[in-house]
Amino acid sequence: MSQIPALTEAQQAAIKQYLDAFRRYMATEAFQRDQAERQARVEFFQQELPRRLDELSEADFEAIINRLWASAMWGNKTYLAQKIVNDNGIDRLRSELKRLVESDDPEQAYSRFLRAIKGMGPASVTEILTYLRPERCGIWNRQAREALKILGITDRVNPDKYMLSAQEYRTFNWLLQLIAQELARAGVPDVDLLLVDFFLYEVAQAKKVRAETGLPEPLEGAQPTETFDHDEVRDLIVQIGAGLGFDTDTEVKVAHGAVVDAVWRARIANLGLVTYVFEVHRSGSIDSLILNLQKARSAPSVQKVIAVSDEDQLERIRRECEGLPEEFRQALRFWPVTEVLGTAEHLQRVMESIDALGLIEDGIW
C-alpha cells in the first residue's frame, strides 16, 4: 500500500457524504439480490472459467458475455458474442482469455487483451478482472468515472478517458483500494473492489440521491466536463444500433476513400440493404469530415449519413454544408453527443429491465 497516494481530506469527506445513501441501499432486498448475483458471477469466473479455458467453445464464450454487466445494453447477446468470435477467431479468444485469467500482472494483461481482441472494451475487460481478482482490480466504466468526478477524485486518473493504459488502470485500482479503506473504516463489512463498484454506482446516481436526500452538490473543482472520448462515443453508437436490431460495425470502408467510424445495416424487403453511416468528430478538419460523409453517401446502400459531435461543432458543420448539393444535405443528420450518451443510458435501463424478467434463461455450463 506504500505506493498508493493518500486521498485528500476533501476527497475523504466527499466519500463520507455518500455513505448514508449507500447504507440505505445495503439494507434493501435489492442489495441482497445484487449480492447474490455478484457471488454467482464471481464463482463463475473464478471456478468455472479456468476449467474451461483449454477447450473454450463458442457457446462457452457466449456464456461469458451473458454474465457481464457491460453487455446489458445488448438485447441480443448471442449476436454480440458471435460477432466477437467472427472478428477474432475462437482460437485467439481462447488464447487471450487464458492469458488474462492466468496473468500475475492483471493491469498489463488488461492492456494486452484490449490490443489483441476486437469488440470488447475496457468496461468488459476490467469487469472480468474484477470477478477474478476483486481484492485488486476494479471496473472502469462510465458509472465509475462519473462517480470519481462527483467525489472530486480527478487528480490521479482522468475520468474523461475511455481507454486507460496499463499504468493508469493500476493507479485507478490503487484509488479504489483507498476508497475501500474509507468504507471499511466507516463500518461497511466485507469490502472489496467489487463492493466499491457498487458504492461508485450509487454515487453516480448523485442527482437523484441529492434530490431525494438533500445531499450537497459535488465538490468545487469536480464539475462535469463537456469533453468526450471519440472511441467511447463510437462504441456506444454501435451498441445502440445493435440494441435496435441492426447489424453494426466500426471502422468500415463503405465507398472508395471513405472509412467511417460506425455503420448500422438492415435488410429491408422492398429496399434491399440499407446502411446508416456515423462519423464522430472531436477535433481536426471539418472539411475532411464533410468530404468523408459525401464519399460515404455515394455508396448505393447508404441512406443517411450522421455527424456526431458537441453542439458547437455540429453548428459549424451545418454552416459549412449550407452550399453543398441538396441531395447530400437531405441525407445529412446531426446527433449531439449528449443525446448519444442519454440514449445509451436509457437503452441500458430498458435492457436491464427486460433481463430482470428472466424471459430467457442463462445457458448451463
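The rules behind the values
Residues numbered from 1 in each chain as written. Predicted model: local features only at pLDDT ≥ 70, side-chain atom pairs only at ≥ 80, totals over all residues. Heavy atoms only, no water. Core = buried A, V, L, I, M, F, W, Y, C linked by side-chain atoms within 4.5 Å. Buried < 20%, exposed > 50% of the residue type's maximum accessible area, 1.4 Å probe, protein only. Contact = heavy atoms within 4.5 Å. Salt bridge = Lys/Arg side-chain N within 4 Å of Asp/Glu carboxyl O. Helix = DSSP H or I, 4+ residues; strand = E, 2+ residues; numbered from the N terminus. Pairing = 2+ DSSP bridges. Axes fitted to C-alpha atoms, helices over the stretch in contact; angles between N-to-C directions.

**A short note on the nonpolar core**
Inference 1: Grouped together as the largest cluster of nonpolar side chains are 91 residues, with contacts concentrated most on F61, M120, F199, I237 and V308.
Inference 2: In this view, F199 contacts I15, Y18, L19, F22, L151, I179 and L183; residues no more than four positions away in its chain are not counted.
Inference 3: Membership of the second largest hydrophobic core comes to 21 residues, among which are A258, I290, A296 and L332.

**A closer look at the pattern of salt bridges**
Side-chain pairs of opposite charge can arise whenever the charged atoms involved come near each other.
Inference 1: Per the stated rule, a full pass over the model turns up 28 salt bridges.
Inference 2: Taking the shortest distance from any N to any O, the salt bridge between D87 and K83 comes out at 3.5 Å. Of this pair, D87 and K83 both sit in helix α5 (residues 77–88), separated by four residues, roughly a single helical turn.
Inference 3: A salt bridge links E102 to K98; its shortest N-O distance comes to 2.9 Å. With a gap of four residues between them, E102 and K98 both fall in helix α6 (residues 90–102), about one helical turn apart.

**A word on the sheet that holds strand β3 (residues 272–280)**
Inference 1: Strands sit in the order β1-β2-β3-β4-β5 across an open sheet of five strands; the sheet is mixed. Each end of this open sheet is capped by a strand with a single partner; those strands are β1 (247–255) and β5 (332–336). This sheet shows a mean twist of 35 degrees between the axes of neighbouring strands, independent of strand direction.
Inference 2: Pairing geometry for strand β4 (residues 302–309) and β5, over five bridges, is parallel. Looking at the pairing, S309 lines up with P336 of β5.

**Re helix α4 (residues 58–66)**
Inference 1: Inspection of α4 places D60, F61, A63, I64 and I65 among the buried residues, and these make up the whole buried set.
Inference 2: Buried residues along α4 sit against α3 (29–52), α5, α6 and α8 (122–132).

**Focus: helix α9 (residues 142–151)**
Inference 1: Buried residues dominate α9, accounting for seven of its ten residues.
Inference 2: The complete set of buried residues in α9 reads A144, R145, A147, L148, K149, I150 and L151.
Inference 3: Directly after α9, the chain includes G152, whose backbone phi takes a positive value near 75 degrees.

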